[in-house]
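One letter stands for each residue in the lines below.
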2 protein chains.
Amino acid sequence: MKENEPPPQSENITWHRGSVDRASRAALYGHRGATIWLTGLSGSGKSTVSVALEAALLERGAHTAILDGDNIRHGLNRDLGFSPEDRAENIRRIGEVARLFCDAGVIALTAFISPARAERDRVRALHAEGDFIEVFVDCPLEVCEARDPKGLYKKARAGLIPEFTGISAPYEAPESPELVVNTHTQSLDEIVDLLLDGLKARGVLGAPSEG
Amino acid sequence: MKENEPPPQSENITWHRGSVDRASRAALYGHRGATIWLTGLSGSGKSTVSVALEAALLERGAHTAILDGDNIRHGLNRDLGFSPEDRAENIRRIGEVARLFCDAGVIALTAFISPARAERDRVRALHAEGDFIEVFVDCPLEVCEARDPKGLYKKARAGLIPEFTGISAPYEAPESPELVVNTHTQSLDEIVDLLLDGLKARGVLGAPSEG
């Protein structure tokens with residue numbers, strides 16, 4: 001069986017979604033959809049940055065959604081473990097969901113270590129040109145390890161967590177991310193401003209006067 | 001390995017999302033998030049209704065997303081086939097994604113046959129009370145078969161599609177859906193008005209004066 005589902009009927013063709021609809025949606029919302037893909041080591045501050053950026057975007061009336069371990073690993077991807085295949089599938093699905101948000105005109109913020117360059121590039125390839133904004137949340141490993149907000153580095157050093165990114169598994173830093181922030185040398189306010197400016201420069205948000 | 005991902009750091013606790021955030025998001029958007037789950041036979045008009053309802057909602061400034069075969073089966077669920085297990089997993093994932101949209105304050109419209117009552121009820125259970133609005137898109141089988149927009153009934157009658165809902169596999173109509181529309185006896189305009197009224201009555205959309 002192919003697709004057990006009809007498309008909108010031909011007499012209703014004026015309702016079909018397409019680029020016009022996307023443009024009018026962007027006009028209505030005052031911004032276009034985008035996927036802000038935060039990548040970085042455990043403890044680098046991805047979740048913190050995503051939450052602060054979302055708050056700033058909401059203040060500006062933008063429509064946002066955060067995808068993170070809390071709402072993905074316990075929901076959509078609850079069937080996945082931590083084998084290499086499952087980790088890849090985890091990132092693939094997150095990428096697909098981010099794209100759905102993006103297509104709906106929402107600014108999706110994702111906060112996952114996503115250590116593999118090839119997997120991030122596959123997510124990028126799902127998106128239309130310009131819709132995928134890779135943000136490298138940079139922070140020295142030793143600083144992340146000192147923060148160790150969940151005690152994961154301690155466990156990894158004790159050999160209790162196999163293949164822990166940065167300790168016993170590689171983190172492949174982005175080669176040409178759209179944006180880079182550094183949570184060790186920059187304040188959270190500086191980072192949020194930098195990201196907002198980056199979104200304006202890329203036409204995701206309206207003109208600077210809006211901000 | 002458990003969760004290779006820290007939560008927002010404790011010093012940033014004021015940024016945590018929660019019910020307040022959800023309420024303020026609803027205030028900002030002028031409506032709350034919800035999942036409008038359309039269920040019905042192939043050819044009953046789910047996609048047509050979803051697209052017309054979305055247009056009406058967008059006109060009212062609402063934030064919407066349609067999940068349908070086009071953007072799910074070729075994206076997020078491209079790894080799934082049509083075995084009973086895969087069909088169930090298909091619906092499960094759609095339900096999880098709809099909930100993510102709903103949690104982000106978006107009105108998610110889903111258009112899938114979703115013939116199994118138990119599977120729809122599992123999706124309902126993922127949602128907070130009142131967030132899941134099941135809409136039975138009713139239409140007599142013979143009318144759906146006469147429409148046959150994709151020629152699927154013809155193929156099913158010829159034995160070319162195994163387990164086709166309504167022909168060789170059961171459709172379990174909702175027992176107590178939030179809303180029922182009938183695409184055989186009602187016009188699309190009537191249906192859209194009925195659904196908008198239903199969303200207002202349930203507090204998803206603002207007061208009737210808004211509409």
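Our structure's up above, just so we're on the same page.
Summarised in this report is the structure supplied together with it. As the structure is a computational prediction, the values presented were derived from the model and not from experiment.

This paragraph deals with the sheet that holds strand β5 (residues 179-182) of chain A. Residues and elements named next belong to chain A. Spatial ordering of the open sheet is given by β2-β3-β1-β4-β5, a layout of five strands whose pairing is parallel. Of all strands in the sheet, those bounded by a partner on one side alone are β2 (64-68) and β5. The sheet shows a mean angle of 20° between the axes of neighbouring strands, direction not considered. Of the strand pairs in this sheet, strand β1 (residues 34-39) and strand β4 (residues 132-138) are connected by five bridges, and their pairing is parallel. By the bridge assignment, Thr-35 is partnered in β4 with Phe-132. Across the face of the sheet, helix α4 (residues 84-103) comes into contact with β1, β2 and β3 (107-111) while running at roughly 145° to β1.

Turning next to the interface of chain B and chain A. Buried accessible area, meaning the area lost when the parts come together, often serves as the stated size of an interface. Of the residues lining the interface, 69 residues belong to chain B; the matching set on chain A comes to 69 residues. When the two sides are added together, the surface that chain B and chain A hide from each other amounts to roughly 5,800 Å², 59% of it contributed by carbon and sulfur. Arg-92 of chain A is the partner of Asp-79 of chain B in a salt bridge, and the nearest nitrogen-oxygen pair spans 3.1 Å. At the junction of chain B with chain A, the criterion picks out 15 residue pairs in polar contact (both at pLDDT 80 or more). Contributing elements (two or more residues each) for the side of chain B that touches chain A: α1 (19-29), α2 (46-59), β2 (64-68), α3 (69-76) and α4 (84-103) of chain B. With nine residues, α4 of chain B is the largest single contributor of residues to the side of chain B that touches chain A. Here the residues of the side of chain B that touches chain A sort into 32 nonpolar, 16 polar and 21 charged.

What follows deals with the pattern of salt bridges. With the rule as written, the count across this model stands at 30 salt bridges over all chains. Residue Asp-131 of chain A is joined to Arg-32 of chain A by a salt bridge in which the shortest nitrogen-to-oxygen separation is 3.0 Å. Of this pair, Asp-131 of chain A sits in the loop between α5 (117-126) and β4 while Arg-32 of chain A sits in the loop between α1 (19-29) and β1, and the two are 99 residues apart along the sequence. Since its relative accessible area comes to 4%, Asp-131 of chain A is described here as buried. Notably, a salt bridge pairs Glu-89 of chain A with Arg-93 of chain A, separated by 2.7 Å at the nearest N-O pair. A residue pair is termed a helical-turn pair when its members lie 3 or 4 positions apart in one helix, as Glu-89 of chain A and Arg-93 of chain A do in helix α4 at four residues. Per residue, the accessibility class of Glu-89 of chain A equals that of Arg-93 of chain A, and both read buried. Put simply, Asp-79, Glu-89, Arg-92, Arg-93, Glu-96 and Arg-99 of chain A together with Asp-79, Glu-89, Arg-92, Arg-93, Glu-96 and Arg-99 of chain B are held in one network by salt bridges that share partners.

So, about the nonpolar core. Ranked by size, the top nonpolar core spans 34 residues in total, and within it Leu-67, Val-97 and Phe-101 of chain A together with Leu-67, Val-97 and Phe-101 of chain B carry the most contacts. Every element with two or more residues in this core is listed here: β2, α3 (69-76) and α4 of chain A together with β2, α3 and α4 of chain B.

The rules behind these values
- Residues numbered from 1 in each chain as written.
- Chains lettered and ligands numbered in written order.
- Predicted model: local features only at pLDDT ≥ 70, side-chain atom pairs only at ≥ 80, totals over all residues.
- Heavy atoms only, no water.
- Pairing = 2+ DSSP bridges.
- Helix = DSSP H or I, 4+ residues; strand = E, 2+ residues; numbered from the N terminus.
- Axes fitted to C-alpha atoms, helices over the stretch in contact; angles between N-to-C directions.
- Contact = heavy atoms within 4.5 Å.
- Buried area = accessible area lost by both parts, 1.4 Å probe.
- Salt bridge = Lys/Arg side-chain N within 4 Å of Asp/Glu carboxyl O.
- Polar contact = N/O pair within 3.5 Å; in protein donor to acceptor, adjacent residues only side chain to side chain.
- Nonpolar A, V, L, I, M, F, W, Y, C, P; charged D, E, K, R; others polar.
- Buried < 20%, exposed > 50% of the residue type's maximum accessible area, 1.4 Å probe, protein only.
- Core = buried A, V, L, I, M, F, W, Y, C linked by side-chain atoms within 4.5 Å.

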